[in-house]
Amino acid sequence: MLNVKSRSRLRLTAIFLSGLAVTAVTLAVLERVTEAGASPRPTAARIGEAPPPLTPTQAHALFLDGRYAEAYGRYAALADAGDSVAASMALTLVVHGPAVFGSDWSATSDQWQRWSALAQQLAGQRVASIVAHDRAE
């Protein structure tokens, strides 16, 4: 019969060998994933990577496609990054969401203030452009 020391050693050896087997299987899977061209890093490790940049064109395409909720998400992110056209569109979706688009979107008070300031800048630029155009005629 095995004594307590022998059983403990046997148990530790079994745990160690199980750990080695799991590691070998994990490495084999990672090698296949890497060969297939996918990222071997888990999603949590990729969180720090910069997402692809949003473009107003993508948001406009979603809007024109009738995918208003997705468009709002893009417009909001672009507006938060300082895009005046996106701010104007995001405010339009928030203000007229239920009546025109059948959805209710929201914005924080900080977003309202920043987006409104950006939309006012855009309006000012358009007025200046119209005035300049009228002078040239």
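As shown above, the structure is provided for reference.
This report concerns the structure included in the present document. Please read all numbers here as calculations on a predicted model, not as lab measurements. (Residues numbered from 1 in each chain as written. Predicted model: local features only at pLDDT ≥ 70, side-chain atom pairs only at ≥ 80, totals over all residues. Heavy atoms only, no water.)

The full count for this structure, using the stated rule, is two salt bridges. R67 is the partner of E70 in a salt bridge, and the nearest nitrogen-oxygen pair spans 2.7 Å. Among the residues examined, R67 registers a relative accessible area of 37% and is labelled partly exposed. Its salt-bridge partner being D80, residue R114 comes within 3.3 Å of it at the nearest N-O pair. Of this pair, R114 sits in helix 6 (residues 109-136) while D80 sits in helix 4 (residues 68-80); the two residues are 34 residues apart in sequence, bridging distant segments of the chain. Relative accessible area serves as the criterion here: at 38%, R114 is assigned to the partly exposed category. (Salt bridge = Lys/Arg side-chain N within 4 Å of Asp/Glu carboxyl O. Buried < 20%, exposed > 50% of the residue type's maximum accessible area, 1.4 Å probe, protein only. Helix = DSSP H or I, 4+ residues; strand = E, 2+ residues; numbered from the N terminus.)

Our focus in this paragraph is the packing of helix 4 against helix 5 (residues 84-101). Direction vectors running N to C along helix 4 and helix 5 enclose 150 degrees, while the axes themselves pass 8 Å from each other. It follows from the interaxial angle that helix 4 and helix 5 lie roughly antiparallel. For the element pair helix 4 and helix 5, the recorded crossing hand is left-handed. On the side of helix 4, the interface is formed by Y68, Y72, Y75, A76, L78 and A79, while helix 5 contributes A86, A87, M89, A90, L93, V94 and F101. Partitioned by chemical class, the residues of the contact of helix 4 with helix 5 number 13 nonpolar, no polar and no charged. (Axes fitted to C-alpha atoms, helices over the stretch in contact; angles between N-to-C directions. Parallel < 35°, antiparallel > 145°, perpendicular 65-115°, else oblique. Left-handed = near helix turned anticlockwise from the far one by under 90°. Contact = heavy atoms within 4.5 Å. Nonpolar A, V, L, I, M, F, W, Y, C, P; charged D, E, K, R; others polar.)

A complete count under the given rule lists seven aromatic pairs for this structure. Measuring from ring centre to ring centre gives 5.7 Å for F63 and F101, while their planes differ by 70 degrees; the resulting arrangement is edge-to-face. A residue pair is termed long-range when its members are at least 10 positions apart, and F63 in helix 3 (residues 56-64) and F101 in helix 5 qualify at 38 residues. F101 sits in the buried class, given a relative accessible area of 17%. Ring centres of Y68 and F101 lie 4.8 Å apart, and the angle between their planes is 55 degrees; on these two criteria the pair is classed as tilted. Of this pair, Y68 sits in helix 4 while F101 sits in helix 5, placing them 33 residues apart in sequence. The exposure class assigned to Y68 is partly exposed, which follows from its relative accessible area of 27%. One aromatic cluster in this structure is built from F63, Y68, Y72, Y75, F101, W105 and W115. (Phe/Tyr/Trp six-rings, centres within 6.5 Å; stacked < 30°, edge-to-face > 60°.)

None of the figures reported here should be taken as evidence of function without further support.
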